[in-house]
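Here's the letter readout for the chains.
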Amino acid sequence: MKISAEEVKKIALLSRLEISEEQTEEVGRQLSDILSYMELIEQADITAAEPTAHAVSLSNVMRDDVPHESLPNAKALQNAPESENGYFRVPKVIQE
């Protein structure tokens, strides 16, 4: 399917893209190639294919959540750059 220069300019306008006159021909050729490929794909027989949301089946790969003892507060703060009263001290991030 051949796309005209006017169609390329209209597509660029609708897409909010700036395409120079030199690029119009190249973009038109690329869009034509894409549409030709879509026509080729449209000819494929998909009557036996079942609709799917994903190409491969997905499964949850996370481990089970097992409760255990927490890290002691002193050990958690051991590598903190700054701590205060048993908490991590961080810079104030509120804008005024």
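Quick note: structure is the one above.
These numbers come from a predicted model, not from an experiment.

Caption draft 1: View of a nonpolar patch on the surface. A contiguous nonpolar patch, built from Met1, Ile34, Leu35, Tyr37, Met38, Leu40 and Ile41 and spanning about 710 Å² of accessible area, is present on the exposed surface. Mapped onto the elements, Ile34 comes out in helix 2 (residues 21–42).

Caption draft 2: Molecular detail of the side chain of Thr24. Considering the arrangement of structural elements, one finds Thr24 in helix 2. Residue classification places Thr24 among the buried residues on the basis of a relative accessible area of 7%. Looking at Thr24, its side chain comes within polar contact range of the main-chain oxygen of Ser20, at 3.0 Å. In this view, Thr24 contacts Ala5, Val8 and Ile19; residues no more than four positions away in its chain are not counted.

Caption draft 3: Molecular detail of the side chain of Ser32. Here Ser32 lies in helix 2. Contacts of Ser32, omitting those with residues within four sequence positions, involve Met1, Lys2 and Ile3.

Each value, and the rule that gives it
Here, residues in each chain are numbered from 1, in the same order as that chain's written sequence. In keeping with the predicted nature of the model, local features appear solely for residues at pLDDT of at least 70, side-chain atom pairs appear and are counted solely at 80 or more, and the whole-chain, interface and lining totals rest on all residues. Excluded from the side-chain calculation are hydrogens and water; included are all heavy atoms of the structure. Each patch is built from residues that are more than 30% exposed by relative accessible area and take part in no salt bridge. Like charges join if they lie within 9 Å; nonpolar side chains (Val, Leu, Ile, Met, Phe, Trp, Tyr) join within 5 Å. Accessibility throughout is a Shrake-Rupley quantity obtained with a 1.4 Å probe, and a residue counts as covered only by protein chains that appear here. Should a side-chain nitrogen of Lys or Arg be within 4 Å of a carboxyl oxygen of Asp or Glu, the pair is scored as a salt bridge. Strands here are runs of E lasting at least two residues and helices are runs of H or I lasting at least four, both read from the DSSP assignment and numbered beginning at the N terminus. Burial classification: accessible surface area is computed with a 1.4 Å probe over protein chains only, and a residue below 20% of its type maximum counts as buried, one above 50% as exposed, and the rest as partly exposed. The definition of a polar contact used here is a pair of N or O atoms within 3.5 Å, where within protein one atom must be able to donate a hydrogen and the other to accept one, and adjacent residues in sequence count solely through side-chain atom pairs. Residue contacts are defined here by distance: any two heavy atoms, one from each residue, within 4.5 Å place the two residues in contact.

No statement about biological role is implied by the geometric values presented.
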